[in-house]
Amino acid sequence: MPSRRQFLAGLAATAGLPARGWADIGGPAYLAAAREPSGTFALFGLDSAGSDLFRIALPDRGHAAAAHPVAPEAVAFARRPGRFALVIDCLDGRLAHRLDAPAGRHFYGHGAFLHGGEILATSESYFESGAGRIGLWSRSRNYARIGEIASGGIGPHDIRAWSDEVLVVANGGIRTHPDSGRAKLNLATMQPNLSYLTLSGELLDQVQLPPDLGQNSIRHLALAPDGQVAFAMQWEGEPGAAAPLLGLHRRGAAPVLAAADLAEQLAMQGYAGSIAFAADGSTVGITSPRGGRLHLFDRDGGFTAAFRRADICGLAAGPAGFVATDGLGGVLQGTAAALAPLRTAERAWDNHLVAIAG
């Protein structure tokens, strides 16, 4: 595993490089991938009102992107279970690096930067055993792979930097294999969990769901400014169950599982596609493209509002609360009182809207 000395050496190696930042490309607030009417795919940089600032062609459909916290770079991941990720220079509009999963591994569609952007962590699976792994890559070494750690479970999906030394991992519990496409291979025995890991692989804390929710896959994560973690779930059990789709957690405490009233919970169709906290951390939202819903909760798990929008999925903090995207080209502003269109583009937005730090 990389040592602290190696991390610091990597940071020092980048200290003399000319500064290139997101401001050099207009200061985008968000990254979002989309399918265009021609059938091509592209990554877009959007401002806080949802207007385009740049477009970069992608070779295929992606899942999510990780935005570097300082440099105008994005890492776009192939859809699960994918074997490559693309480091894109958003200023020059070019492919800077291609990351290939090591033999026997595949990516799960998400990544996170730590140590000021020096280290990229990626969610992966060792597919012959199903064991979850977190790959570690060094930006100052042209994104060379420098190690990996156990994820704490099977099927790690979303990962976030809880601090510069700690990752929080959504181990969804679902085993997949590239030769089986997107088939889910272990639904009867899945055991999702939320794990907190150091970069050296130490497991600091782990949250498991009750046995009757063992088929509630923990998929996506959001962080509040004070470190509270919210997780979105997707129900893999019998259809028609009103399983909770939002969880809230603070390290060292039991999780809070939250649900809307019965009619609204059923309308979500067991699927939360994206999750985000408002900028001040007071409200958390989850979306369901299957149910066409945005649900809002307070930070204690109290259900506060529901809004309807067909195929809504992407969600991030916005100036007035939230910004969301849908599969019909819509960019929307969500507040405690309303969900209103900001614009409609001629494209189908993909699942995630990624906020850029700062």
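Just above, that's the structure.
Values in this document were obtained by computation on a predicted structure and should not be read as measured data.

**Q** So, the sheet that holds strand β18 (residues 246-249): which residues are in play, and what are the values?
**A** Across a sheet, strands are paired by hydrogen bonds formed along the backbone, either parallel or antiparallel in direction. With antiparallel pairing, the four strands of this open sheet are ordered in space as β16-β17-β18-β19. What marks the edges here is a single partner per strand, and that holds for β16 (216-223) and β19 (256-258). Each strand axis lies, on average, 25° off the axis of its neighbour in the sheet, ignoring direction. Bridge count for β18 against β19 is three bridges, and the pairing is antiparallel. Residue pairing across strands places G247 opposite L257, the latter belonging to β19.

**Q** Lay out the packing of aromatic side chains in plain terms, naming residues and giving numbers.
**A** Under the defined criterion, the tally for this structure stands at five aromatic pairs. Their ring planes at 45° and their centres at 6.2 Å tell us that F107 and W137 sit as a pair that is tilted. Here F107 is found in strand β8 (residues 105-114), whereas its partner W137 is found in strand β10 (residues 131-138), with 30 residues between them in sequence. Side by side, F107 and W137 carry an identical accessibility label, which is buried. Between W162 and Y196 the ring centres are 6.2 Å apart and the planes differ by 90°, which places this aromatic pair in the edge-to-face class. With W162 in the loop between β12 (156-161) and β13 (166-171) and Y196 in strand β14 (residues 193-198), the pair connects residues that are 34 residues apart, well separated along the chain. Taken together through their ring pairs, the aromatic side chains of F77, F107 and W137 make up a single cluster. Lying across the ring of W162, R251 places its NZ or CZ 4.9 Å from the centre. The residue whose ring lies beneath R251 is Y196, and the NZ or CZ to ring-centre distance is 5.7 Å.

**Q** Residues and numbers for the sheet that holds strand β3 (residues 52-58), please.
**A** In spatial order, the strands read β3-β2-β1-β28; together these four strands make up an open sheet with antiparallel pairing. Of all the strands in the sheet, the pair left with one neighbour each is β3 and β28 (348-355). In this sheet, adjacent strand axes meet at a mean angle of 20° when their direction is disregarded. With five bridges connecting them, strand β1 (residues 30-35) and β28 associate as antiparallel partners. Along β28, the bridge assignment pairs A32 with L353.

**Q** Before we move on, could you go through the environment of S123 and cite the residues and values that matter?
**A** Checked against the element boundaries, S123 lands in strand β9 (residues 119-126). Exposure remark for S123: the relative accessible area of 0% places this residue in the buried category. Sequence-wise, S123 and G135 are 12 residues apart; in three dimensions their C-alpha atoms are separated by 6.6 Å. In contact with S123, other than residues within four places in its own chain, are H106, F107, Y108, G109, H110, R133, I134, P156, H157 and I159. A distance of 2.7 Å separates a polar side-chain atom of S123 from the backbone oxygen of H157.

**Q** Requested: an account of the pairing of β1, with residues and values cited.
**A** Along β1, five of the six residues are buried, which leaves the element largely enclosed by surrounding structure. Direction of pairing for β1 relative to strand β2 (residues 41-46): antiparallel, over a ladder of six bridges. Each residue of the ladder has a partner; that of A34, found in β2, is A42. The hairpin formed by β1 and β2 contains five residues between the paired strands, and G39 there has a positive phi angle of roughly 95°.

**Q** Lay out the nonpolar core in plain terms, naming residues and giving numbers.
**A** In this structure, W22, L31, L43, F54, L58, I88 and C90 are the most contacted members of the largest nonpolar core, which totals 18 residues. Among the elements of the structure, β1, β2, β3, β4 (62-67), β5 (73-78) and β6 (84-89) are those that each provide at least two residues to this core. Per-element tally for this core: the top contributor is β3, with three residues. Ignoring sequence-local partners within four residues, the contact set of L31 consists of W22, L43, F44, G45, F54, A65, A67, A74, H352, L353, V354 and I356.

**Q** Give me the environment of S140: which residues, what numbers.
**A** With respect to the helices and strands, the residue S140 is situated in the loop between β10 and β11 (144-154). Here the side chain of S140 touches E118 through a polar contact of 2.9 Å, side chain to side chain. Among the polar contacts made by the side chain of S140, one reaches the side chain of S138 at a distance of 3.3 Å.

Definitions and limits used
- Residues numbered from 1 in each chain as written.
- Predicted model: local features only at pLDDT ≥ 70, side-chain atom pairs only at ≥ 80, totals over all residues.
- Heavy atoms only, no water.
- Pairing = 2+ DSSP bridges.
- Helix = DSSP H or I, 4+ residues; strand = E, 2+ residues; numbered from the N terminus.
- Axes fitted to C-alpha atoms, helices over the stretch in contact; angles between N-to-C directions.
- Phe/Tyr/Trp six-rings, centres within 6.5 Å; stacked < 30°, edge-to-face > 60°.
- Buried < 20%, exposed > 50% of the residue type's maximum accessible area, 1.4 Å probe, protein only.
- Lys NZ or Arg CZ within 6 Å of the ring centre and 35° of its normal.
- Contact = heavy atoms within 4.5 Å.
- Polar contact = N/O pair within 3.5 Å; in protein donor to acceptor, adjacent residues only side chain to side chain.
- Core = buried A, V, L, I, M, F, W, Y, C linked by side-chain atoms within 4.5 Å.

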